[in-house]
Amino acid sequence: MVSQISILLLLLCAPTLNSGTDLQPRCNEKDRSSLLIFKRGVVNHSKKLPSWSSEQDCCSWKGVHCHNTTSRVTRLDLNQQYLVGEINLSLFQIQFLSYLDLSLNGFTSLIAPSDTHASFSNLQFLDLSFNDDLHVDNLHWLSQLSSLKYLNLSQINLQNQTNWLQSMALHPSLLELRLASSRLNDMNLSPSMKYVNFSSLLTLDLSGNNFRTELPSWLLNLTSISNIDLSFNFIQGPLPKSLLSLRNLKSLRLNDNKLNGSIPEWIGQQEHLQYLGLSENLFDGSIPSSIGNLSSLIHLEISSNSLSGNLPTSLGQLLNLKYLSIGGESLSGVLYENHFSNLSNLEELVLRAAFSFHLASDWMPPFQLKGLCIKNANLGPKFPEWIYTQHSLEYLEVPSSNISSINDDMFWRLVANITQLNLSWNTISANLTNITMNSELMFMDNNNFTGELPHISANVVYLDLSYNSLYGPISPFFCHMFGRENNLDYLDISSNLLTGGVPDCWEYWKGLTFLFMENNMLTGEVPPSMGSLIDLIILDLHNNSLSGNFSLDLSNMTKLEFINIKQNNFSGAVPTKMPHSMEVMLLSSNQFKGNIPYQICNISSLIQLDLFHNKLSGPIPPCISDISNMGRAQRTDHYPFAFNLYNKGQELNYRDYGLLRTLDLSSNNLSGEIPLQVYSLIQLQSLNLSRNHFTGEISREIGSMKNLESLDLSSNKLYGEIPGSISSLSFLSFLNLSYNDFTGPIPVGTQLQSFSASNFAGNPRLCGAPLPINCTVESGNVGESKSDDGRNDGAFETESLYLGMGVGFAVGFWGLCGSLLLNRTWRHVYIRFLNHAADKLHVFVVNMINKFSGTQASSN
């Protein structure tokens, strides 16, 4: 009976339920209209927002959330949808919208509401952050959001907002304000403002801006504030004691500023502080022991090159501490067990200072670390036993820590599952022949590792084994991956003792983007399969014994920017099958021959070309000016790495080639004149054409190469005067014009006279400082200088001139007379010539006399 009644009630209620569903209100028309206005501002909106169709209920559109009962739009969340275009703040007209998140997109402009007097009182959450190209011209529209509690405008361009603080102060209900990396410049109150009404503010993030002031007074009056982040600015001055008035402060991040003075003892009175970041500032003195009183502290970062002394043992009292980072070049001392005695919750320990450790060999730390970084310390010579007890490590970094030996079995078991291993700049001796590397990031350079190249697992992404003593062929390392997956992105095996040929199994390494194999003893030719490294950006094979024609087709390596194959034995023509992305070509000290190919001119992105010491001949192609990037100042972005370049008369080490523009064609057999197009490369910083057979004059257009720092035209066959425009090259710090045939005075200029005379030697007709040969004012010729025997060189030259004239007259006279005496035919012809000339002269004189006489008579 009961069950029958229940079924009957359900049947009676069913029509009512269905009727209620049918009457459920759809998306409000005004809300829908505002959303469609916003949609029109999105580029390619039909693909980016395909569900935003006029045929569908807007409550079902992607990112739109409606109230369950009223179906009014309350939330719009389009975070990280790769949208571009403009943000139309018509969205504010959605009456019940309380949450709007458009962060992590590519919007470039913002259109404020047309009704500047309207109040959109329901919006409480607004996030437009990380639209990197979004420029906001004014913030007046913020005044319409009277209920705003969360505002995030980080990583958008607010650099024109001089009154941003005034705009924010209109929102006393704000709980969280984030304006990180927004290009703000001023954080002081304007003259019209007496205070800032942030009475409810809990979190303030102004990190990554351009503030160059002391901590402002308004900030120190925010008594409710819990979290302050002013890191990565230029905040100056000492820490003010008024920070103590912020009694609710839990997080204070002041990393990477210009704060100075000592870290005060009163900092230990901030009893609620959980996060304290003071690293990378200009603090001096010692680390105060009162920091040990911050019993709530979870995260502590302190570093400065001017800090001195040892760590206070009171740090060992911080029971809740999870992250500890201390660094400074002048910090030193011995660390004992009581420095770590109560740090049972410590998860990450970072010590970058010259500390020594005095710990018992059987010491068991109270913590299990996830991360350990100890740099520039004295951990060795044996790898510390206590580190072997840390079984939860995710990263281990001990570079420059004076370690020379490891327990092979224990060490490789310890690091088998960690993500990052850094052993750089120690003197560790261990054989790697049968070791399998498994860490994602491995820095093992500058040690004494021996044996053959190790095996690697598919986990390894970054491997640096440079500057060790590894030996043997490299083929087993590369070709053992046959049929197996690998994710290696960066490989550096340079500066070892590796031998054999370059393997022909590069099709298994298509993910490589950086490959360094220089400074080994590799031989043979470069195999064609290396052309399959389509993601490669850097290729360095220099200083090996590689040979043959470099015929490798690199044109499919569309990301390749840097190639260094100098100091090998490559022959044939200069390689030209290069991608248009190429920026640096270092091909010097090989056996390349023939002309400089015109195809080089098609690589418009090239900024450095080094063909020094080959066997090239012919002229410089005039199309050299087509390499447009050599004439532009635009910086190129790249991964920093070390490389050597011959510049300014010496081998120099560089880590950044982004702004470097160089052209080196020296030590070849090039000939012809220097084409005018070379002088159009106005951004060149180094031009070296020395030790060739160039002829002609230096064009005055060289004065337009205002960025030249190094110019070497020595040991050619150039002639003429050195153009005066060369003296306008104000950045010139190296100049060599020696051993040519220049004439005349050296142009006067501060730069030119500061160079050594040897830089102008071998030009016998050149004069003026810095040469010891003066120039005469009248003729510009050499004069008035003394010879080695003390005689006046000018007088000697005058005597020589007269003597030469006399000898020349005598030779000419007797040459003519002797011929006439010895040859009768010539004598008759010569006498007839003289008679004819005498007759003509007589007639000419008589006519002139008669003409003169007639003129005189008529005038009388």
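Residues numbered from 1 in each chain as written. Predicted model: local features only at pLDDT ≥ 70, side-chain atom pairs only at ≥ 80, totals over all residues. Heavy atoms only, no water.

The chain is annotated in an unreviewed UniProt entry as Leucine-rich repeat-containing N-terminal plant-type domain-containing protein from Flemingia macrophylla. According to the UniProt record, the Sequence similarities (unreviewed entry) comment for the chain reads "Belongs to the RLP family." Comment text from UniProt for the chain, heading Subcellular location (unreviewed entry), reads "Cell membrane". (UniProt positions renumbered as here; feature names shortened; annotations may be inferred.)

A few words now on the overall build of the chain. Within the chain one finds nine helices and 49 strands. Among the 860 residues that make up the chain, the fraction classed as buried is 48%. Taking the contacts inside the chain whose residues are at least 6 apart along the sequence as the reference set, 50% of them involve residues at least 24 apart. Element-wise, carbon and sulfur atoms account for 52% of the exposed surface of the chain, whose accessible area totals about 40,600 Å². (Helix = DSSP H or I, 4+ residues; strand = E, 2+ residues; numbered from the N terminus. Buried < 20%, exposed > 50% of the residue type's maximum accessible area, 1.4 Å probe, protein only. Contact = heavy atoms within 4.5 Å. Areas by Shrake-Rupley, 256 points an atom, 1.4 Å probe, with all protein chains shown as cover.)

Reading across from one edge, β26-β28-β30-β32-β34-β36-β38-β42-β44-β46-β48-β49 is the order of the 12 strands in this open sheet, with parallel pairing throughout. Each end of this open sheet is capped by a strand with a single partner; those strands are β26 (471-473) and β49 (765-767). The average undirected angle you get between the axes of adjacent strands in this sheet is 20°. (Pairing = 2+ DSSP bridges. Axes fitted to C-alpha atoms, helices over the stretch in contact; angles between N-to-C directions.)

The three strands are arranged β11-β13-β15 in an open sheet whose pairing can be described as parallel. One side of each edge strand has no neighbouring strand; the edge strands of this open sheet are β11 (236-237) and β15 (282-284). Two elements, strand β13 (residues 258-262) and β15, share three bridges in a ladder whose sense is parallel. Its bridge partner being in β15, Ser262 is matched across the sheet by Asp284.

Attention now moves to the confidence of the model for the chain. Interpretation of this model should avoid reading the predicted coordinates in detail wherever pLDDT is low. Of the residues in the chain, 85% have a pLDDT of 70 or more, and the chain-wide mean is 86. The low-confidence segment residues 1-23 (pLDDT under 50) makes zero contacts with residues lying over four places distant or belonging to another chain. Segment residues 778-860: pLDDT under 50, and 28 contacts once partners within four positions in sequence are set aside and those in other chains are kept. (pLDDT = per-residue confidence, 0-100.)

With that settled, consider helix α2 (residues 29-40). In this model, α2 (12 residues) spans 17 Å end to end at C-alpha, consistent with the 16 Å of a helix rising 1.5 Å per residue. Taken as a whole, α2 has its buried residues at Asp31, Arg32, Ser34, Leu35, Phe38 and Lys39. In an axial view of α2, the angular spread of the buried residues amounts to 160°, which keeps them on one side of the axis. Every exposed residue of α2 that faces more than 90 degrees away from the buried side is listed here: Glu29, Lys30 and Arg40. The inward-facing, buried residues of α2 contact α3 (45-48), β1 (64-66), β2 (73-77), β3 (84-88) and β5 (106-111). (Expected span 1.5 Å × (residues − 1). Arc of directions from axis to C-beta.)

On the surface, Tyr471, Leu497 and Met521 cluster together into a nonpolar patch covering about 280 Å² of accessible area. Along the chain, Leu497 falls in strand β28 (residues 497-501). (Patch = residues over 30% accessible without salt bridge, like charges linked within 9 Å, V, L, I, M, F, W, Y side chains within 5 Å. Salt bridge = Lys/Arg side-chain N within 4 Å of Asp/Glu carboxyl O.)

Note on placement: His171 falls in the loop between α4 (164-168) and β8 (176-178). Owing to a relative accessible area of 2%, His171 belongs among the buried residues under this scheme. Each C-alpha atom of the pair His171 and Leu142 lies 8.7 Å from the other, and the pair is 29 residues apart in sequence.

Linking two cysteines covalently through their sulfur atoms gives a disulfide. Inspection of the entire model under this criterion finds five disulfides. Between Cys601 and Cys623 runs a disulfide, and the two sulfur atoms are separated by 2.0 Å. Sign of the S-S torsion, about 65° for the bond between Cys601 and Cys623, identifies this disulfide as right-handed. Linking Cys601 in the loop between β36 (591-594) and β37 (608-610) with Cys623 in the loop between β38 (615-618) and β39 (643-647), this pair joins segments that are 22 residues apart in sequence. When the cysteines of the chain that form disulfides are numbered from the N-terminus onward, they connect as 1-2, 3-4, 5-6, 7-8, 9-10. (Disulfide = S-S within 2.5 Å.)

Turning next to the pattern of salt bridges. Tallied over the entire structure, the rule returns seven salt bridges. In this structure, the salt-bridge partner of Glu29 is Arg32, at a minimum N-O distance of 3.3 Å. Taken together, the positions of Glu29 and Arg32, both in helix α2 and three residues apart, correspond to about one turn of that helix. A relative accessible area of 53% means that Glu29 is categorised as exposed. Note on Arg32: relative accessible area 16%, which makes it buried. Its salt-bridge partner being Arg178, residue Asp205 comes within 3.3 Å of it at the nearest N-O pair. With Asp205 in strand β9 (residues 203-205) and Arg178 in strand β8, this pair connects stretches of sequence that are 27 residues apart. Take Arg178: its relative accessible area is 24%, and that puts it in the partly exposed class. Here the salt bridges do not stand alone but share partners, grouping Glu176, Arg178 and Asp205 into one network.

Let us look at unusual backbone geometry. Residue Pro381 is reached from Gly380 by a cis peptide bond, and omega for that bond is 10°. With an omega of 10°, the peptide bond running from Ala769 to Pro770 counts as cis. The topology assignment puts Pro770 in the loop between β49 and α8 (793-822). With phi around 55°, Asn446 is a residue other than glycine that occupies positive phi space. Looking at the element boundaries, Asn446 is found in the loop between β23 (441-443) and β24 (455-456). On the basis of relative accessibility, which here comes to 16%, the residue Asn446 falls in the buried class. Positive phi, normally seen in glycine, also occurs at Asn543, with a value near 60°. Structurally, Asn543 can be placed in the loop between β31 (538-540) and β32 (545-549). By relative accessible area, which is 32% here, Asn543 ends up partly exposed.

This paragraph deals with the environment of Leu158. Looking at the element boundaries, Leu158 is found in the loop between β7 (150-152) and α4. Sequence separation of Leu158 and Leu139 is 19 residues, and the distance between their C-alpha atoms is 9.1 Å.

Across two bridges, the pairing between β11 and β13 is parallel. By the bridge assignment for β13, Gln236 is matched with Lys258.

Looking now at the nonpolar core. Note that soluble globular proteins tend to have their nonpolar side chains buried in a common cluster. Core analysis: the biggest nonpolar cluster contains 218 residues, and Trp141, Leu396, Met517 and Met530 have the highest contact counts within it. Top contributing element to this core by residue count: strand β18 (residues 348-357), with five residues. Apart from the residues within four sequence positions on either side, Met517 is in contact with Ile474, Phe478, Ile493, Ser494, Val502, Trp506, Leu522, Met530, Asp540, Leu541 and Asn544. Counting residues in each nonpolar core, the second largest holds 14 residues, with Phe443, Phe516, Phe643 and Tyr654 among its members. (Core = buried A, V, L, I, M, F, W, Y, C linked by side-chain atoms within 4.5 Å.)

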